[in-house]
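A structural walkthrough
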Amino acid sequence: MTKGIRRILVICTALAFSLVIISFIKIKTDYYCCESPTIRWRFAIYCGECDDETGCHYIHLNNTGILEYFGLKPIPCDKN
């Protein structure tokens, strides 16, 4: 196998692994929207509540996407 093909395979494997991690792991932020904590998950911003009885429930914030996920655009929130 040539070095070029190995590099391509390593890059593709790393990208696939990154996409799987981003899809399943919720990244907490220090930002609160409408008195609820926000997380980065599935290339968007989610707002939610956690309690001991029912666990955590998150709702997708409208008009958020990949730009907000990577911090390239501020998180839109009416109340903060």
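None of the values given here were measured: they were computed from a predicted structure.

About the criteria used
- Residues numbered from 1 in each chain as written.
- Predicted model: local features only at pLDDT ≥ 70, side-chain atom pairs only at ≥ 80, totals over all residues.
- Heavy atoms only, no water.
- Core = buried A, V, L, I, M, F, W, Y, C linked by side-chain atoms within 4.5 Å.
- Buried < 20%, exposed > 50% of the residue type's maximum accessible area, 1.4 Å probe, protein only.
- Contact = heavy atoms within 4.5 Å.
- Helix = DSSP H or I, 4+ residues; strand = E, 2+ residues; numbered from the N terminus.

1. A closer look at the nonpolar core
Among the nonpolar cores identified, the biggest contains five residues, and these are Cys33, Ile45, Cys47, Leu61 and Ile75. Leave out the neighbours within four places in its chain, and leucine 61 touches Cys33, Thr38, Ile45, Tyr46, Cys47, Ile75 and Pro76.

2. Quick word on the environment of lysine 28
Along the chain, the position of lysine 28 falls in strand S1 (residues 27-33). Distance from lysine 28 to tryptophan 41, taken between C-alpha atoms, is 8.9 Å for residues 13 residues apart in sequence. Excluding residues that lie within four positions of it along the chain, lysine 28 makes contacts with Thr38 and Ile39.

3. Brief notes about the environment of histidine 57
Looking at the element boundaries, histidine 57 is found in strand S4 (residues 55-60). Here the alpha-carbon distance between histidine 57 and alanine 16, two residues 41 residues apart in the chain, equals 27 Å. Beyond its immediate stretch of four places on either side in the chain, histidine 57 contacts Cys47, Gly48 and Glu49.

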